[in-house]
Amino acid sequence: DLNDYLVAFCNPNSNYNKIIIDGETIVSNSYTSMQFYLPTTISSGDYPIIVTNSLDSVKLANNATIIKPVLTGLSPVSGYPNTNVKLIGENLSLSNNSNVYVYFGSTSVSLNSVSPDSLKVKAPWVTPGSYSLSVNYGGFSVPCPDTFTVLEPKITSISPASGVAGTSVIINGE
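Calculation rules
Residues numbered from 1 in each chain as written. Predicted model: local features only at pLDDT ≥ 70, side-chain atom pairs only at ≥ 80, totals over all residues. Heavy atoms only, no water. Helix = DSSP H or I, 4+ residues; strand = E, 2+ residues; numbered from the N terminus. Buried < 20%, exposed > 50% of the residue type's maximum accessible area, 1.4 Å probe, protein only. Contact = heavy atoms within 4.5 Å. Areas by Shrake-Rupley, 256 points an atom, 1.4 Å probe, with all protein chains shown as cover. Phe/Tyr/Trp six-rings, centres within 6.5 Å; stacked < 30°, edge-to-face > 60°.

### Regarding the overall build of the protein chain
Looking only at helices and strands, the protein chain has 1 helix and 17 strands in total. Across the 174 residues in the protein chain, those meeting the buried criterion constitute 30%. Partitioning the intrachain contacts of the protein chain with sequence separation of at least 6 by distance along the chain shows that 45% fall at a separation of at least 24. Entry remark: accessible area of the protein chain is about 10,400 Å², with carbon and sulfur atoms responsible for 51%.

Below is the structure:
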C-alpha cells in the first residue's frame with residue numbers, strides 16, 4: 001500500500017520530507033505522512049514524482065497529473081443584484097468545493113452549483129458597476145476573462161399614483 005510505504009518512509013523532521021515535481025521541491029506539512037500543497041506555479045500536465053526524506057529518494061512508478069481549472073467566460077455579462085450568473089470553463093469541480101470561493105471584485109459569493117464546466121452563483125448586492133470575477137481554489141486564483149456589470153435598480157411603476165394616508169402602495173422594479 002503506497003500510503004503505508006510513505007508513512008514508513010517519513011523522516012520525523014517534516015522539513016526533510018519532500019517531493020520534487022517539475023524540478024520544484026515541495027516540503028511536507030506533516031511529520032507523520034507525506035502531505036503537500038502543490039505550488040500554484042505548476043502548469044497542467046503529467047509529471048514524474050520523486051519522494052525524498054533527505055536520506056533516500058524514490059521515483060514513483062506513476063506520474064502525477066496536474067489539472068488546473070480554467071475560466072473561459074460567463075453568462076450573462078450584466079444583471080441586477082441576485083441575478084443567476086454562470087461561470088463557464090474547464091476542470092471547475094476539482095475539489096470538494098469547501099475551499100472554493102467566487103469573487104465579484106473583492107466580494108465573495110456562495111456557490112449554488114458546480115459541474116466540471118460551470119459554476120453557478122448569484123450576483124452580490126454591491127454598488128452598481130463593472131466587476132472582475134475570479135474563483136479562488138483554496139490557494140490560487142483563476143481569473144475570468146469577462147467582467148460582470150451590476151446594473152442600477154430601476155423603479156418601473158408605482159400603484160396607485162396617489163392616495164390617502166393608509167393606502168397600500170405597490171412599487172415594481174428591476
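That covers the picture; the talk isn't over yet.
### Notes on the packing of aromatic side chains
For the coordinates displayed, the defined rule picks out 2 aromatic pairs. Measuring from ring centre to ring centre gives 5.6 Å for F104 and F148, while their planes differ by 90°; the resulting arrangement is edge-to-face. Highlighted residues: F104 in strand 10 (residues 100-104) and F148 in strand 15 (residues 141-150), separated in sequence by 44 residues. This pair shows no difference in class: F104 is buried, exactly as F148 is.

### Describing unusual backbone geometry
Following S75, the chain continues to P76 via a peptide bond in cis, the omega torsion being -10°. Relative to the helices and strands, P76 is located in the loop between strand 7 (70-75) and strand 8 (78-79). Cis geometry marks the peptide bond from S159 to P160; its omega dihedral reads -5°. Inspection of the secondary structure assignment puts P160 in the loop between strand 16 (155-159) and strand 17 (170-173).

### Structural notes on the environment of S130
Looking at the element boundaries, S130 is found in strand 14 (residues 129-137). Between the alpha carbons of S130 and T149 there is a distance of 4.1 Å; along the sequence they are 19 residues apart. Contacts of S130, omitting those with residues within four sequence positions, involve T147, F148 and T149.

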